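Close look at the chain arrangement
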Amino acid sequence: MQQLSPLSLNINSTVDFASVLDRQLKDACVLPLERGFIKGLVKVFPLPNIRLCLIESNKEIAICANRSLGKLTFTIDLSFRPSSSSVVAQGVSLSRPAIFGFNSSLKDLDLHMNSYSRLCSIVVPVKYLSFVLRQYRCLDLREFFDRYNVFTSELVSSRLAPMLKQLFSASSSLGAPFTAQHLENEIMSTLIECFVDNQSRKLGIVIGRKERHEAAMKVLSMTSNSPRIAFEIQDLSMLLHQSRSSLFNGCKEKFGMSPVEVVRSVRLHQVRHALLDTEFCIQNNLDGVIDIANYFGFAGRSHFTRYYKQQFLETPRQTLVARRDSEKKF
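The structure displayed is predicted, hence computed values, not measured ones. Residue positions are given per chain, counted from 1 along the sequence in the order it is written. Only residues with pLDDT of at least 70 get local features here, since the model is predicted, and only at 80 or more are side-chain atom pairs given and counted; chain-wide, interface and lining totals rely on the full set of residues. Excluded from the side-chain calculations are hydrogens and water; all other atoms, namely the structure's heavy atoms, are used.

Digging into the environment of Ser226
The secondary structure listing takes helices from DSSP runs of H or I that are at least 4 residues long and strands from runs of E that are at least 2 residues long, numbered from the N terminus. Residue position: Ser226 is located in the loop between α6 (211–225) and α7 (233–239). With 70 residues separating them in the primary sequence, Ser226 and Phe296 have C-alpha atoms 9.6 Å apart.

Now the structure itself:
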């Protein structure tokens, strides 16, 4: 019997990251919260009814997205040192292995990952979840998923997390050969057992978001999804019905950046993606650094080059030359 193995996708930019996330979410945006370029990895087990997705990032990032209807997502931090790289999900800081993000009323994803975090999500269609809950005679868990958003117990730490870590390890050995259906059954049964376990359990609810933090997320979303619009602080303030000081404080508290810095960071990472993507340049008739910088709204070449080098520790020309050199070795 063939050994099950995940599909692997390498991430080389925030645009790559958002594109992969959009397979399960909608309008995903990724904002790096430290300097340097993004490197990441996504691994996916496409099982008969559910999906297992593992995401890793070399940088501290914020992720915002709209959730897809008809699915619940059960996420757990599989970082090698979770105590030193806690995740903040929907405004709640998680310092221990916990399942989060499953609340059925959540309309968006608001996630903060530290560098080298590893998050695994079990994506379950609502109809299939209802079928499984009937099988296990646990229909009352539907009300639980409506009420809470964070859950941990002894079984989460002792069974679910180790099982998922082994599944995604480079030298994974699952013992007897698993069929996709067998693996799915094991995961779902373990997940349900975790939620019905009362030993050392702890619960968390969805925390209400402040209006200025909501506006900060919209700054990120608007900038990411409208790459050619040169947003100024007064434009954002007017569009989001926020004072300049409120918008500034919201972005500082949410991302550790001013609104201008959020916009600039998004644009610089979009530029880097374009510099590395031959197909994008051909499709948009872009030839060289100046064309690409102008496309994303950078008018002053000297300022652009300085910002780019501060962000990525190399000039945009060096990025482009590296790509062209790699193309010669095709």
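Some words on the pattern of salt bridges
The salt bridge criterion pairs a side-chain nitrogen of Lys or Arg with a carboxyl oxygen of Asp or Glu, the two atoms within 4 Å. A complete count under the given rule lists 10 salt bridges for this structure. One salt bridge connects Asp110 with Arg209, and the closest N-O pair in it is separated by 3.5 Å. In this pair, Asp110 is assigned in strand β10 (residues 108–113) and Arg209 in the loop between β13 (202–204) and α6, connecting sequence segments 99 residues apart. When a residue's accessible area, from a 1.4 Å probe over protein chains only, is under 20% of the maximum for its type it is buried; when over 50% it is exposed; and in between it is partly exposed. Residue class for Asp110 comes out buried when judged on its relative accessible area of 7%. By relative accessible area, Arg209 is classed as partly exposed at 26%. One salt-bridge network, in which partners are shared between bridges, spans Asp108, Asp110, Arg209, Glu214 and Lys254.

As for unusual backbone geometry
Positive phi is not limited to glycine here, since Asp27 has a value of about 55°. Within the secondary structure, Asp27 is located in strand β2 (residues 25–32). Take Asp27: its relative accessible area is 42%, and that puts it in the partly exposed class. Even without being glycine, Arg137 reaches a positive phi, approximately 55°. Residue Arg137 is classed as exposed on the basis of its relative accessible area of 79%.

So, the sheet that holds strand β9 (residues 99–100)
Spatially, 8 strands are ordered β1-β3-β4-β11-β6-β9-β12-β13 in an open sheet, and the strand pairing comes out antiparallel. With partners counted over all chains shown, the strands left at the sheet margins are β1 (7–11) and β13, one partner each. We call two strands paired when DSSP finds no fewer than two bridges between them. Bridge analysis of strand β3 (residues 40–46) against strand β4 (residues 51–57) gives 7 bridges, and the strand direction is antiparallel. Bridged to Lys43 within β4 is Leu54. Note on definitions: a residue-residue contact is assigned when non-hydrogen atoms from the two residues lie within 4.5 Å. Fitted lines through C-alpha atoms serve as axes, helices being fitted only where they are in contact, and the angles separating the N-to-C directions of these axes extend from 0 to 180 degrees. Sitting on the sheet, helix α1 (residues 14–21) touches β1, β3 and β4, and the angle it makes with β1 is about 150°.

What about the sheet that holds strand β5 (residues 61–67)?
Strand order across the open sheet formed by 5 strands is β2-β5-β10-β7-β8, with antiparallel pairing between neighbours. Each end of this open sheet is capped by a strand with a single partner; those strands are β2 and β8 (92–94). The sheet shows a mean angle of 20° between the axes of neighbouring strands, direction not considered. Looking at chain direction, β5 and β10 are connected through 6 bridges and run antiparallel. Bridging across to β10, Ala65 finds its partner in Leu109. The sheet strands contacting α1 are β2 and β5, and the helix crosses β2 at an angle near 155°.

Description of the pairing of β5
Across the 7 residues that make up β5, a large majority, 6, are buried. As judged from the 6 bridges shared by β2 and β5, these two strands associate in the antiparallel manner. What sits directly across from Cys29, in β5, is Cys64.

Interpretation in functional terms is not warranted from these geometric data alone.
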